[in-house]
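Structural overview for review
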Amino acid sequence: MGTYTTSSPAPREVDLLSNVSAANSRARAGLVQELVEVFNVVEVGGRPPIGCKAGTKGEWTIGDLILPVPGDMRRELGHLFCTFGLTQSTKATLPII
């Protein structure tokens, strides 16, 4: 049986892991690019930064469908609670989406 030591890995193994990591990174980038092209994922609207003024974000779409941004569901639920006069205790019993 082999013996294991707590010394650092051999340079060969470090190089192999580095190469695998780089290959995985390239594969992920290629897959993302394919998904963007196939599903036509784009950001529409918004404004780029000008001078010291920050830019504004547009909406992300897939095809013609506008994707929700984080927080949209919470804002919509808050609006519904106000519309129907639900209380805070009712909010606590509903599942988080």
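Residues numbered from 1 in each chain as written. Predicted model: local features only at pLDDT ≥ 70, side-chain atom pairs only at ≥ 80, totals over all residues. Heavy atoms only, no water.

1. Comments concerning a nonpolar patch on the surface
On the surface, Leu35, Val38, Phe39, Trp60, Ile62 and Leu67 cluster together into a nonpolar patch covering about 550 Å² of accessible area. Those elements that place two or more of their residues in the nonpolar patch are α1 (11-39) and β2 (59-62). Looking at which element gives the most residues to the nonpolar patch, the answer is α1, with three residues. In this structure, valine 38 sits in helix α1. With relative accessibility at 58%, the residue valine 38 sits in the exposed group. (Patch = residues over 30% accessible without salt bridge, like charges linked within 9 Å, V, L, I, M, F, W, Y side chains within 5 Å. Areas by Shrake-Rupley, 256 points an atom, 1.4 Å probe, with all protein chains shown as cover. Salt bridge = Lys/Arg side-chain N within 4 Å of Asp/Glu carboxyl O. Helix = DSSP H or I, 4+ residues; strand = E, 2+ residues; numbered from the N terminus. Buried < 20%, exposed > 50% of the residue type's maximum accessible area, 1.4 Å probe, protein only.)

2. Quick notes on the sheet that holds strand β3 (residues 65-66)
As summarised here, the arrangement of the three strands in space is β1-β2-β3, forming an open sheet in which the pairing is antiparallel. Looking at strand neighbours, the two that pair on one side only are β1 (41-44) and β3, the edges of this open sheet. The pairing of β1 with β2 spans four bridges and is antiparallel. Residue valine 41 lies in a different strand from β2, and its bridge partner there is isoleucine 62. (Pairing = 2+ DSSP bridges.)

3. Section: the confidence of the model for the protein
On average, the protein scores 75 in pLDDT, and the residues at 70 or more come to 64%. Within the protein, the element-level pLDDT minimum falls on helix α3 (residues 88-93), averaging 52, and the maximum on α1, averaging 91. (pLDDT = per-residue confidence, 0-100.)

4. Some words on the side chain of threonine 61
Counting through the fold element by element, threonine 61 comes out in strand β2. Residue classification places threonine 61 among the buried residues on the basis of a relative accessible area of 6%. Contact partners of threonine 61, with chain neighbours within four places excluded, come to Asn40, Val41, Val42, Val44, Ile66 and Leu67. (Contact = heavy atoms within 4.5 Å.)

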